[in-house]
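Here's the letter readout for the chains.
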There are 2 protein chains.
Amino acid sequence: MQEPEKPRRKHQSLSQRDQKHLWHPLTQHKLAGEMLAVVRAKAALLFDEDGKSYIDGISSWYTCIYGHCNEKITEKVAAQMQQLDQIVFSGFTHEPAIRLSEALMEILPKNQDKLFFSDNGSTATEIGIKMALQYHHNLGNDRNVMLAFEEGFHGDTFGAMSVSGLSVYNGAFEDHFIRVERIPVPNGDNNEEVLQKLQELIQTHKIAGFIYEPLVQGAAAMKMHDAQGLNEILKLCRENEIITVADEVMTGFGKTGKNFASEYLEEQPDIICMSKALTAGLLPMAVTSCSRKIYDAFYSDEISKGLFHGHTYTANPLACTAALAGIALLTSNEIQQDIARVMKAHQEFGKKIRQHPKVKNLRQLGVILAFELDVQMERYGDLRNQLFQHFMDSGVFLRPLGNTIYVLPPYVITDGQLTEIYNSIEKALENF
Amino acid sequence: MQEPEKPRRKHQSLSQRDQKHLWHPLTQHKLAGEMLAVVRAKAALLFDEDGKSYIDGISSWYTCIYGHCNEKITEKVAAQMQQLDQIVFSGFTHEPAIRLSEALMEILPKNQDKLFFSDNGSTATEIGIKMALQYHHNLGNDRNVMLAFEEGFHGDTFGAMSVSGLSVYNGAFEDHFIRVERIPVPNGDNNEEVLQKLQELIQTHKIAGFIYEPLVQGAAAMKMHDAQGLNEILKLCRENEIITVADEVMTGFGKTGKNFASEYLEEQPDIICMSKALTAGLLPMAVTSCSRKIYDAFYSDEISKGLFHGHTYTANPLACTAALAGIALLTSNEIQQDIARVMKAHQEFGKKIRQHPKVKNLRQLGVILAFELDVQMERYGDLRNQLFQHFMDSGVFLRPLGNTIYVLPPYVITDGQLTEIYNSIEKALENF
């Protein structure tokens with residue numbers, strides 16, 4: 001007797017339809033499984049097409065820190081859409097950009113004075129690099145080398161790739177990189193050696209600028225370094241007229257417990273790159289801010305001393321509106337209390353697992369909690385993928401970087417949801 | 001007797017507030033005046049803070065082709081904001097991206113098969129360049145030079161700057177550019193010479209890919225070139241396994257009278273870059289599409305053969321929703337009739353002014369009408385600025401590129417508004 005035919009699915013799932021024409025970022029599709037289709041999100045929760053929910057433990061790549069689909073943001077963007085959607089930002093301006101510039105100046109380090117807009121972290125750092133190189137070019141200084149940390153990550157366009165030490169799969173492009181010299185991050189023990197190395201590089205190379213992720217290197221797996229050591233590096237840069245570019249794309253907007261990681265340091269950068277949480281997880285946008293000193297080097301009777309960089313949707317009014325609503329939330333008592341609450345919960349949990357034999361290098365800054373699972377794993381290997389799947393099966397979206405487990409939740413996450421994340425981590429400690 | 005004191009303005013104007021902290025793109029602020037503050041936009045009209053209106057004759061840099069604040073688009077984006085704002089696109093997918101991939105495949109040239117998302121034209125072309133270089137790298141071919149047109153423009157990040165022949169103010173960065181060889185555009189008279197030059201370059205250089213703006217070079221001042229000549233270049237590239245990258249950031253989505261300029265050619269590109277009007281003038285987003293041949297060269301058991309490029313807001317659900325609504329409009333009878341109507345009006349106007357002694361090189365493709373005013377002008381010079389001001393004073397936003405006057409209006413522009421633009425151009429012919 002013949003088996004009854006399986007009822008044919010009338011409609012393919014979203015995950016199946018995805019496979020036909022989409023090429024996903026940072027993905028080797030032959031080795032990756034189906035992409036999980038998310039159909040809805042609210043506050044700290046994601047919902048897939050089968051109705052299963054997941055706690056967004058990394059704020060969708062460090063963006064949605066006030067929670068998904070937050071009405072305090074979406075209502076303002078919806079209103080702006082009926083008023084002014086887009087206008088050329090060369091020769092023109094608009095109120096959302098102006099108000100955003102005023103709001104950002106309230107929270108940025110005091111030496112910051114001017115803002116240059118773009119669309120993502122890569123373009124924000126490219127603009128930072130261009131500002132540093134052209135600063136010296138405009139002043140007639142012969143400096144054309146960038147300095148960066150060994151395991152920094154600053155984006156995927158050619159300039160940004162060049163300064164990223166952590167470009168593991170960029171073999172096809174290395175012939176084309178801009179000139180970069182590197183120093184190790186200061187860890188408190190090696191500070192003197194790092195300064196020594198920097199002194200040598202200053203003697204032997206024409207260093208124009210130094211680009212760095214302050215205190216936390218995100219893509220390097222939430223590696224944290226020594227504030228005092230970084231401060232001394234920045235001081236040495238200042239004394240040698242090396243323009244400092246803080247890449248706060250990941251660290252900005254409260255994640256470290258302060259608005260910007262740079263606030264932990266005495267020495268302030270000449271230039272700061274912002275994106276990700278800038279727009280509260282709604283829309284792509286980036287800002288590169290700088291001090292008056294930088295701006296003045298471009299302000300001239302010679303047209304060619306200007307910064308001839310521009311993207312079409314620069315300072316998009318809808319993205320500016322989202323950013324403004326985000327900063328209003330960031331500076332509210334409610335969100336500041338949420339940040340303190342998450343920091344405290346992380347501290348408690350950290351104490352609990354710190355002594356576990358499989359927990360290595362437990363570290364925390366603000367709402368960022370990270371440690372290495374003491375198990376050998378490739379960054380994109382099978383065991384790492386099993387670890388990822390363990391979390392997803394527990395209804396928790398964490399995205400281990402190799403064997404580094406980290407949590408960077410939306411500030412509005414509930415205590416119960418935090419506990420679920422911690423529980424799923426403890427289960428991972430048992431099972432791996 | 002003392003003059004009565006002028007009443008002090010309680011509030012600064014937006015244009016005044018703008019000056020405090022904003023650094024505008026492509027602007028030498030010492031030579032630029034105040035930025036004009038736009039507070040509202042609807043269909044083809046912009047309104048400044050004093051209530052004066054301007055006809056948006058260049059669709060806000062070729063983006064808002066269905067008109068500003070079009071409810072058929074904004075309503076869909078507002079609904080999407082309540083459902084799903086943002087999700088990591090690595091490991092995850094969502095319906096707006098999937099539906100957009102299906103909709104784009106309906107209108108793209110038939111050989112296109114896969115889509116890779118990013119945020120702006122610069123990143124779209126950087127991804128195109130990376131695909132071309134890594135294609136050969138993955139196949140074990142020793143090819144590391146890009147080919148480009150002499151006056152092409154492809155963006156402002158380092159890779160995009162490198163291939164742009166038209167980077168007049170990039171002196172500070174030229175040390176850092178990727179390797180590029182250039183050929184002139186074919187103009188119908190020089191086609192054989194251009195092919196000859198290309199043959200020589202193929203013999204002497206290891207050319208990986210050719211990036212070009214098909215038929216219309218936007219930033220080069222709407223220069224148009226010969227379709228047959230371009231077709232022969234693409235054929236020669238194909239025969240020599242040079243990957244062809246069509247930069248349709250400016251030309252895409254109906255502006256040339258067809259959905260893509262590539263449709264005017266027999267030879268189809270391996271890769272197509274899209275942005276600007278992709279999202280109907282609402283939000284930043286870009287797509288780099290490619291043929292199956294390109295994708296297959298990255299599809300491998302080796303992780304490192306994947307394309308390790310990714311921006312945080314890649315395939316942002318709100319931008320995908322705007323793009324979907326835009327494509328629905330583009331393919332509607334109404335908008336197709338609008339495109340035909342604008343093309344016809346341009347033709348009539350072109351006939352009228354073609355013989356004018358000050359009109360040089362009048363040219364039209366689709367809704368793009370351009371000519372040179374036969375008066376010497378610097379690209380960013382005083383006379384050019386006076387010409388710009390003439391249009392603004394007439395209530396028309398046109399943005400001359402040096403002495404090139406061009407019109408690229410929203411498809412929904414009314415006949416009356418088109419007439420106002422034409423009248424202001426005729427006045428310019430009298431007065432300059």
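Residues numbered from 1 in each chain as written. Chains lettered and ligands numbered in written order. Predicted model: local features only at pLDDT ≥ 70, side-chain atom pairs only at ≥ 80, totals over all residues. Heavy atoms only, no water.

Q: Teacher, can you tell me more about the relation of the copies chain B and chain A here?
A: The relation between the two chain copies is a rotation about an axis coupled with a shift along that axis. When chain B is brought onto chain A, the operation consists of a screw motion whose angular component is 180° and whose axial shift is 0.0 Å, with 0.0 Å RMSD remaining. Accordingly, the operation relating the two chain copies is best matched by a two-fold axis. Interface overlap between copies: 100% of the residues of chain B at the interface are likewise at the interface in chain A, consistent with a symmetric, same-surface contact. (Least-squares fit on C-alpha atoms with pLDDT ≥ 70 in both. Contact = heavy atoms within 4.5 Å.)

Q: Looking at this structure, I do not really get the environment of Lys427(B). What am I missing?
A: Residues and elements named next belong to chain B. Of note, Lys427 is situated in helix 13 (residues 415–431). By relative accessible area, Lys427 is classed as partly exposed at 48%. Expressed as a C-alpha distance, the spacing of Lys427 and Leu26, which sit 401 residues apart in the sequence, is 28 Å. (Helix = DSSP H or I, 4+ residues; strand = E, 2+ residues; numbered from the N terminus. Buried < 20%, exposed > 50% of the residue type's maximum accessible area, 1.4 Å probe, protein only.)

Q: I keep staring at the interface of chain B and chain A and nothing clicks. Help me out?
A: Bring the parts together and some accessible area is lost; that lost area is often taken as the interface size. Across the contact, 119 residues belong to chain B and 119 residues belong to chain A. Taken together, chain B and chain A are joined by four salt bridges. A salt bridge links Glu102(B) to Arg17(A); the nearest nitrogen and oxygen atoms lie 2.9 Å apart. Counting every contact that joins chain B to chain A gives 71 residue pairs in polar contact (both at pLDDT 80 or more). For the side of chain B that touches chain A, the element with the most residues is helix 5 (residues 121–139) of chain B, which contributes nine residues. Grouping the amino acids of the side of chain B that touches chain A by side-chain chemistry returns 57 nonpolar, 40 polar and 22 charged. Relative to strand 1 (residues 36–42) of chain B, strand 4 (residues 92–93) of chain A runs parallel, the two being bridged by two bridges. (Salt bridge = Lys/Arg side-chain N within 4 Å of Asp/Glu carboxyl O. Polar contact = N/O pair within 3.5 Å; in protein donor to acceptor, adjacent residues only side chain to side chain. Nonpolar A, V, L, I, M, F, W, Y, C, P; charged D, E, K, R; others polar. Pairing = 2+ DSSP bridges.)

Q: Would you take a moment to explain the sheet that holds strand 2 (residues 45–48) of chain A for this structure?
A: Here five strands make up an open sheet; going across it, the order is 16(A)-3(A)-2(A)-1(A)-4(B) and the pairing mixed. A single partner strand is all that each edge strand has here, and the edge strands are strand 16 (396–397) of chain A together with strand 4 (92–93) of chain B. Relative to strand 3 (residues 53–56) of chain A, strand 2 of chain A runs antiparallel, the two sharing three bridges. Pairing of Leu45(A) across the sheet is with Ile55(A), part of strand 3 of chain A.

Q: Explanation requested: the environment of Phe253(A) in the structure shown.
A: Residue and element names in this part refer to chain A. Positionally, Phe253 belongs in the loop between strand 11 (243–247) and strand 12 (271–274). You can call Phe253 buried: its relative accessible area is 1%. Each C-alpha atom of the pair Phe253 and Arg363 lies 20 Å from the other, and the pair is 110 residues apart in sequence.

Q: Would you mind going over the sheet that holds strand 11 of chain A with me for this structure?
A: Strand pairing in a sheet takes place through backbone hydrogen bonds and is either antiparallel or parallel in direction. All names here are of chain A. Strand order in this open sheet of seven strands is 5-13-12-11-8-6-7, and the pairing throughout is mixed. Edge positions in the sheet fall to strand 5 (112–118) and strand 7 (180–183), since each has one partner strand and no second. Across the sheet, the mean angle from the axis of one strand to that of its neighbour is 20°, orientation sign disregarded. In this sheet, strand 11 lies alongside strand 8 (residues 207–212) in parallel orientation, the contact comprising four bridges. Across the sheet, residue Gly209 finds its bridge partner in strand 11, namely Ile243. Lying over the sheet, helix 8 (residues 227–239) contacts strand 6 (145–149), strand 7, strand 8 and strand 11, oriented at roughly 160° with respect to strand 8. (Axes fitted to C-alpha atoms, helices over the stretch in contact; angles between N-to-C directions.)

Q: For this particular structure, what's the right way to read the nonpolar core?
A: A general feature of soluble globular proteins is that nonpolar side chains tend to end up buried together. Residues Leu104(A), Phe210(A), Phe253(A), Leu104(B), Phe210(B) and Phe253(B) are the most contacted members of the largest nonpolar core, which totals 234 residues. Not counting residues within four places of it along the chain, the set of residues in contact with Phe253(B) comprises Ile65(B), Leu104(B), Ile107(B), Asn259(B), Phe260(B), Met274(B), Ser275(B), Ala277(B), Leu278(B), Ile327(B), Leu330(B) and Tyr411(B). Among the nonpolar cores identified, the runner-up in size contains 64 residues, and Trp23(A), Val245(A), Trp23(B) and Val249(B) belong to it. (Core = buried A, V, L, I, M, F, W, Y, C linked by side-chain atoms within 4.5 Å.)

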